[in-house]
Amino acid sequence: MKHQLPQLPFDPAALEPHMSRETLEFHYGKHHSAYVDNLNELIKGTPQEHLELEHIVRTADGPVFNNAAQAWNHTFFWHSLSPDGGKPNKLLSEAIDARFGSFDLFKNKFATEANELFGSGWIWLVRNGGGLLSIETSSNADTPLTGENRPLLTCDLWEHAYYIDYRNARPDFLKAYWNIANWEFANRNFEA
Ligand code: FE
């Protein structure tokens, strides 16, 4: 099965001024695309060639894992963004308040942990089997998909996610992220 670069769920200019068309052209059009191409190249002629992407992420290691997980993480990231992402619904709001104290305290903690992650990686809002929320960071290609917790929302913390628009200022990127976070997506993931 040849893996395909999925469609972006929005126009590449739709997230401006918070995330530019140029960032999307590189981040989606070059980086995400390369992970998909590399994965196809690496698994060609191997038993992994016939597996679903999620299955590869859960079972592979080394370069196959890195490219498969980055392919999956980026698709999840694009769905975590929207020009009109709404707000946490009542159920998710209550879970956020219960765990973090308030929506503002949650956003502060999310940004602090994102800014403290050393090097490249991701930050995730996740829920466990009991519905309890937490914030997780992961290094490089690592992803909650290999663990027990279900991801609700993510932000890419690799420099390629923000260098064009914010240069080295990851905290400014995190501030802008709240303008384009897709809470409709998080609401659906929380209830699924
Ligand atoms: Fe990325």
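Residues numbered from 1 in each chain as written. Predicted model: local features only at pLDDT ≥ 70, side-chain atom pairs only at ≥ 80, totals over all residues. Heavy atoms only, no water.

Engineer: I would appreciate a short explanation of the coordination of the iron ion in the present structure.
Structural biologist: Tetrahedral coordination by four donors sets the ideal angle at the metal to 109.5 degrees; octahedral coordination by six donors sets it to 90 or 180 degrees. At this site the iron ion is bound by His27 (NE2), His74 (NE2), Asp156 (OD) and His160 (NE2), with donor distances of 1.9 to 2.1 Å. Coordination of the iron ion draws on donor residues from a single chain, spaced H-x46-H-x81-D-x3-H in sequence. In this pair, His74 sits in helix α3 (residues 62-79) while Asp156 sits in strand β3 (residues 150-156), placing the two residues 82 residues apart along the sequence. Neither His74 nor Asp156 differs from the other in exposure class; each is buried. (Donors = N, O, S within 2.8 Å, 3.2 Å for Na, K, Ca; no water. Helix = DSSP H or I, 4+ residues; strand = E, 2+ residues; numbered from the N terminus. Buried < 20%, exposed > 50% of the residue type's maximum accessible area, 1.4 Å probe, protein only.)

Engineer: Looking at this structure, how should I read the sheet that holds strand β1 (residues 121-127)?
Structural biologist: One open sheet accounts for three strands, arranged β2-β1-β3; its pairing is antiparallel. The two strands at the open ends of the sheet, each matched to only one other strand, are β2 (133-139) and β3. For this sheet, the mean inter-axis angle between neighbouring strands, taken without regard to orientation, is 25°. Across seven bridges, the pairing between β1 and β2 is antiparallel. Along β2, the bridge assignment pairs Trp124 with Glu136. Packed onto the sheet, helix α5 (residues 103-116) meets β1, β2 and β3 and runs at close to 150° relative to β1. (Pairing = 2+ DSSP bridges. Axes fitted to C-alpha atoms, helices over the stretch in contact; angles between N-to-C directions. Contact = heavy atoms within 4.5 Å.)

Engineer: When you look at the nonpolar core in this model, what are you seeing that I'm missing?
Structural biologist: The tendency in soluble globular proteins is for nonpolar side chains to be buried as a group. Leu81, Phe106, Phe110, Leu133, Tyr177 and Trp183 are the most contacted members of the largest nonpolar core, which has 61 residues in total. There are two domains that each give this core at least three residues, and those are domain 1 (21-79) and domain 2 (90-191). If near-sequence neighbours (up to four positions away) are discounted, Trp183 is found in contact with Gly85, Gly86, Lys87, Pro88, Leu92, Ile96, Phe103, Phe106, Leu125, Leu153 and Trp178. (Core = buried A, V, L, I, M, F, W, Y, C linked by side-chain atoms within 4.5 Å. Domains from an automatic or database assignment.)

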